[in-house]
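Chains, contacts and geometry: an overview
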Amino acid sequence: MINEKVQDVLNAQINKEFYSAYLYLAMSAFFDEIGLYGFSNWTKVQAREEVDHGMILFDYIIERDGIVNLTQIDAPDRAFENPLQVFEKIYEHEKYVTESINCVASMSEDECDLATRHFINWYISEQVEEEANALDVIKKLKMFGDECTSLYHLDKEMGERQYKAHSYKI
Ligand code: FEO
């Protein structure tokens, strides 16, 4: 049986992961609208990964004989301007998610729920990768600016990202 306080923060985390999927999908639509189909692919793949993150939490709560509480998902902000601004938003958002995952880790430690503390390590590592991925694109965009040829090649590179289902078993 899962600790109730831990269950609450895990349920809140499910909502944040599905919100993340919504946010990345809104970004994907923006990139489609401006003709950057590789960037659109990259953010769409990320949206699918976010759904996986939510589903892994969902399955974990069930496995621990807990109660999944799905709450309303906010509409994402759609004030997008250009690739650099979008990736700066992504970086800020992922830092926020990292903080949230760290809170789940602290809560599970405070409540002596060592299974959840162990489980959440996967998310801690995942967040290191997600922040680094966003920062990598920001650095490239800052280096190349709006130079069309570079943006064209970067868009092609972003188009190569492929979805791989994320799964986790404690
Ligand atoms: Fe599931 Fe991008 O954090």
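Here goes a summary of the coordinates provided.

Parameters at a glance
- Residues numbered from 1 in each chain as written.
- Predicted model: local features only at pLDDT ≥ 70, side-chain atom pairs only at ≥ 80, totals over all residues.
- Heavy atoms only, no water.
- Axes fitted to C-alpha atoms, helices over the stretch in contact; angles between N-to-C directions.
- Helix = DSSP H or I, 4+ residues; strand = E, 2+ residues; numbered from the N terminus.
- Parallel < 35°, antiparallel > 145°, perpendicular 65-115°, else oblique.
- Left-handed = near helix turned anticlockwise from the far one by under 90°.
- Contact = heavy atoms within 4.5 Å.
- Nonpolar A, V, L, I, M, F, W, Y, C, P; charged D, E, K, R; others polar.
- Salt bridge = Lys/Arg side-chain N within 4 Å of Asp/Glu carboxyl O.
- Buried < 20%, exposed > 50% of the residue type's maximum accessible area, 1.4 Å probe, protein only.

1. Concerning the packing of helix 2 (residues 37-63) against helix 3 (residues 83-110)
Where helix 2 meets helix 3, the closest approach of the two axes is 12 Å, and the angle between their N-to-C directions is 15 degrees. Here helix 3 runs roughly parallel to helix 2, going by the angle between their axes. Like other packed secondary-structure pairs, helix 2 and helix 3 cross with a definite hand, here left-handed. Together, Phe-39, Trp-42, Thr-43 and Glu-50 of helix 2 and Pro-83, Phe-87, Ile-90 and Glu-94 of helix 3 make up the contact between the two elements. Counted by class, the contact of helix 2 with helix 3 contains five nonpolar, one polar and two charged residues.

2. What about the pattern of salt bridges?
Scanning all chains against the criterion turns up 10 salt bridges. The salt bridge involving Lys-89 is made with Asp-77; its shortest N-O contact spans 2.7 Å. Taken together, the residues Lys-89 in helix 3 and Asp-77 in the loop between helix 2 and helix 3 connect sequence positions 12 residues apart. What makes Lys-89 partly exposed here is its relative accessible area of 26%. In this structure Asp-77 comes out as partly exposed when scored by relative accessible area, which is 36%. The closest approach of N and O atoms between Asp-136 and Lys-140, which form a salt bridge, is 3.3 Å. Here the residue Asp-136 and the residue Lys-140 both occupy positions in helix 5 (residues 121-144), the gap between them amounting to four residues, near one helical turn. With a relative accessible area of 36%, Asp-136 lands in the partly exposed category. Residue classification places Lys-140 among the partly exposed positions, given a relative accessible area of 21%.

3. Observations regarding unusual backbone geometry
Most peptide bonds take the trans form, and the phi angle of most residues other than glycine is negative. Phi at Asp-65 takes a positive value of approximately 60 degrees, unusual for a residue other than glycine. Residue placement: Asp-65 occurs in the loop between helix 2 and helix 3. What makes Asp-65 exposed here is its relative accessible area of 52%. The residue Cys-112 is not glycine, and still its phi comes out positive at about 55 degrees. Positionally, Cys-112 belongs in the loop between helix 3 and helix 4 (114-119). The class of Cys-112 is exposed, set by a relative accessible area of 63%.

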